[in-house]
Amino acid sequence: MATLDFGGVKEEVVTREEFTIEKAKKVLANEVVAILGYGPQGHGQSLNLRDNGVKVIIGQRKGGKGWQEAVRDGWKEGETLFDDMKEAVKRATVVQYLLSDAGQKEHWPTVRSQLKKGMALYFSHGFSVVFKDQTGVIPPPDVDVILVAPKGSGRTVRTNFLAGSGINASYAIHQDATGRAKERVLALGIAIGSGYLFPTTFEREVHSDLVGERGVLMGAIAGAMKAQYDVLRAHGHSPSEAFNETVEEATQSLYPLVGANGMDWMFGACSTTAQRGALDWAPRFEQAVKPLMELLYRDVMEGVETRRVLDTCSAPDYREKLEKELKALRESEMWKAGATVRSLRPENAKR
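Residues numbered from 1 in each chain as written. Predicted model: local features only at pLDDT ≥ 70, side-chain atom pairs only at ≥ 80, totals over all residues. Heavy atoms only, no water.

1. Examining the nonpolar core
Convention followed: Side-chain atoms within 4.5 Å link the members of a nonpolar core, which is a set of buried Ala, Val, Leu, Ile, Met, Phe, Trp, Tyr and Cys residues. Here the term buried applies to any residue with accessible area under 20% of the maximum for its type, exposed to any over 50%, and partly exposed to those in between, with areas from a 1.4 Å probe on protein chains only. Any pair of residues with heavy atoms lying within 4.5 Å of one another is described as a contacting pair.
Counting 36 residues, the largest nonpolar core has Leu36, Val95, Tyr97, Leu115, Phe123 and Phe202 as the members making the most contacts within it. When sequence neighbours within four positions are dropped, the list of residues in contact with Leu115 reads Val89, Val95, Trp108, Leu121, Pro140 and Val143. Counting residues in hydrophobic clusters, the runner-up holds 34 residues, among them Trp67, Ala120, Ala181 and Ile190.

2. As for the pairing of strand β2 (residues 9-15)
Convention followed: Any two strands are treated as partners once DSSP identifies two or more bridges connecting them. What counts as a helix is a DSSP run of H or I of at least four residues, what counts as a strand is a run of E of at least two, and both are numbered from the N terminus.
In terms of strand pairing, strand β1 (residues 2-6) meets β2 through five bridges, oriented antiparallel. Residue Asp5 lies in a different strand from β2, and its bridge partner there is Lys10. Counted between consecutive antiparallel strands, the loop separating β1 from β2 contains two residues, among which Gly7 sits at a positive phi close to 60 degrees. Sheet topology note: the β2/strand β10 (residues 194-199) ladder contains two bridges and is antiparallel. Counted as the bridge partner of Val14 is Leu197 from β10.

3. Some points on the layout of surface pockets
Rule in force here: In the cavity and pocket records, a cavity denotes points on a 1 Å grid over the protein atoms alone where a 1.4 Å probe fits but cannot get out, a pocket denotes an open set with protein on both sides within 12 Å along at least 5 of 7 lines, and lining residues are residues with an atom within 4 Å of a point. Grid points are joined across faces, edges and corners, and a volume is the space filled by probe spheres set on the points.
Reported here for the second largest pocket is a volume of approximately 1,700 Å³. Residue lining of the second largest pocket: 34 residues in total, with Ile221, Ala224, Gln228, Tyr255 and Phe285 positioned closest to the centre. Broken down by secondary-structure element, the contributors of at least two residues to the lining of the second largest pocket are α11 (219-234), α12 (239-261), α13 (263-269) and α14 (272-301).

4. Describing the sheet that holds strand β9 (residues 167-175)
The condition is simple: Simply put, an axis is a line fit to the C-alpha atoms, just over the touching stretch for a helix, and the angle between two N-to-C directions goes from 0 to 180 degrees.
Here we have ten strands laid out as an open sheet, ordered β1-β2-β10-β9-β8-β7-β6-β3-β4-β5, and mixed in their pairing. For this open sheet the edge positions go to β1 and β5 (81-82), each flanked by a neighbour on one side alone. Along the sheet, helix α2 (residues 40-51) contacts β3 (32-36), β4 (55-59), β6 (94-97), β7 (120-123) and β8 (144-150); its crossing angle with β3, the most-contacted strand, is approximately 160 degrees.

5. Section: the pattern of salt bridges
Under the convention used in this document: Between Lys or Arg on one side and Asp or Glu on the other, a salt bridge is scored when a side-chain nitrogen of the former is within 4 Å of a carboxyl oxygen of the latter.
Within this structure, the stated rule accounts for 21 salt bridges. The salt bridge partner of Arg91 is Glu87, with a shortest N-O separation of 2.8 Å. For Arg91, a relative accessible area of 43% translates into the label partly exposed. Take Glu87: its relative accessible area is 23%, and that puts it in the partly exposed class.

6. Some points on the packing of α11 against α12
Cut-off, in case you're wondering: It is the rotation of the near helix from the far one that decides the hand of a crossing: anticlockwise by less than a right angle makes it left-handed, clockwise makes it right-handed. Amino acid classes used here: Ala, Val, Leu, Ile, Met, Phe, Trp, Tyr, Cys and Pro are nonpolar; Asp, Glu, Lys and Arg are charged; the rest, including Gly, are polar.
At their nearest, the axes of α11 and α12 sit 7 Å apart, and the two run at 145 degrees to each other. As α11 packs across α12, the resulting crossing turns out to be right-handed. Contacts from Ile221, Met225, Gln228, Tyr229, Leu232 and Arg233 of α11 reach α12 at Pro239, Ala242, Phe243, Glu245, Thr246, Val247 and Tyr255. Grouping the amino acids of the contact of α11 with α12 by side-chain chemistry returns nine nonpolar, two polar and two charged.

7. Digging into the side chain of Asp101
By secondary structure assignment, the location of Asp101 is in helix α5 (residues 101-114). In contact with Asp101, other than residues within four places in its own chain, are His125, Phe127, Ser128 and Leu310.

8. Re the environment of Arg180
Just so we agree on the cut-off: Whenever a nitrogen or oxygen atom comes within 3.5 Å of another N or O atom, the pair is scored as a polar contact, on the condition that within protein one atom can donate a hydrogen and the other can accept it, and that pairs from neighbouring residues in sequence are kept only if both atoms are in side chains.
Relative to the helices and strands, Arg180 is located in the loop between β9 and α9 (181-191). Along the primary structure Arg180 and Ala120 are separated by 60 residues, whereas in three dimensions their C-alpha atoms are 9.4 Å apart. Side chain to side chain, Arg180 and Glu183 meet in a polar contact 2.9 Å long.

9. Examining the pairing of β7
Every other side chain in a regular strand lies on the same face of the sheet, so the side chains alternate between the two faces. Test applied: By the criterion used throughout, a crossover qualifies as right-handed when its path from the first strand across the helix to the second strand runs clockwise, the strands pointing away from the viewer.
Side chains of β7 alternate between two faces, with Ala120 and Tyr122 and Leu121 and Phe123 buried alike. Pairing analysis gives three bridges linking β6 to β7, with the strands arranged parallel. Across the sheet, residue Gln96 finds its bridge partner in β7, namely Tyr122. Handedness of the β-α-β unit built from β6, α5 and β7 comes out right-handed.

10. Concerning helix α3 (residues 65-72)
Operational definition: In this description, one arc is meant: the one made by directions from the helix axis to the C-beta atoms.
Every buried residue of α3 is accounted for by Gly66, Trp67, Glu69 and Ala70. For α3, the arc enclosing every buried residue in end-on projection is 165 degrees, short of the 170-degree limit, so these residues lie on one face. Turned more than 90 degrees away from the buried face of α3, the exposed residues are Lys65, Gln68 and Arg72. Tucked into the core, α3 has its buried residues touching β5 and α8 (154-163).

11. Digging into the packing of aromatic side chains
The line we're drawing: Ring pairs shown here join Phe, Tyr and Trp side chains whose ring centres sit within 6.5 Å, with only the six-membered ring taken for Trp; geometry is labelled stacked below 30 degrees between planes, edge-to-face above 60, and tilted in between. Two limits define a charge over a ring: the Lys NZ or Arg CZ must be within 6 Å of the ring centre, and within 35 degrees of the ring normal.
Applying the stated criterion to the full structure yields seven aromatic pairs. With centroids separated by 6.1 Å and ring planes inclined at 75 degrees, the aromatic side chains of Phe123 and Phe202 adopt a geometry described as edge-to-face. On the criterion of sequence distance, the pair formed by Phe123 in strand β7 and Phe202 in helix α10 (residues 202-214) is long-range, its members being 79 residues apart. A residue is classified by how much of its surface remains accessible, and Phe123, at 0% relative accessible area, is buried. Ring geometry for Trp281 against Phe285: centres 6.1 Å apart, planes inclined by 45 degrees, an arrangement best described as tilted. Of this pair, Trp281 and Phe285 both sit in helix α14, four residues apart, which is roughly one turn of the helix. For Phe285, a relative accessible area of 54% corresponds to the exposed category. Note that Arg284 overlies the ring of Trp281, its terminal NZ or CZ placed 4.0 Å from the centroid.

Shown next as structure tokens:
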């Protein structure tokens, strides 16, 4: 492990230079990895493992979008693709449980019945294990229980792998029944294409992940964008101007620079007017938002958010209700304006 300084705090990370892909392949040489669920994470992680020479099979409900994508990606029914999850688990030594959180609760009795001593049960989210009172997911004591959580969408896991860059991921060991849990989790983390791995626990992973998704990764930023857009529109600005000043400039110009160089660099590189305004207003937004973040963290810790996820996502009409919500977002003035703005980007403009 390498010890690095993260803002004055020393942390240990595992890089691909230390734990090479050759070492990972050696550790996994005799493993058969069954990936349950061919959603974004199942898709990205399975293809990366396969490309790295790991033996992989897929368990996925037949007939749906996931099954069709698996067939398209070259998984063979009855050989590497099974619509019977029990069969997939039976053939495996490592089970990567990558169904949705509601799906993990639903299928746990089937998966649990096929777990054998010495197997590894792998998650990419601590949800089911940490909130076991809600999900019923309690692993048997004689299997390794490990986690690798890529810090990005499953699609990015795949595209970054193909680009040769990888994606950062956290890893955790909840249960080491075999004495091999650490080498297994690190090997799997490297083999799915992680850029580097940093240690966490199942509890810290799920708490930070749920806060992040509802906070600055998606929920808070969507809400802040909508608030600014609406204020600009209310004061007479056109949809194109309001969208460009709110979303387009952020995503196409500023955020990539922040990602590449940091916020201090961004503040230092902009005009003095923008610089002064951003430095003066940032603390005011922090003061306004922090109480809401504290409330969000409390709801995550106390299981309020996980209960809402399980109750709503397991409802039989959930997909229909979800589509209505997404349609309302898609057809709002702000995001219809965004569709037009995106179409005018040089790379998208009709020639």
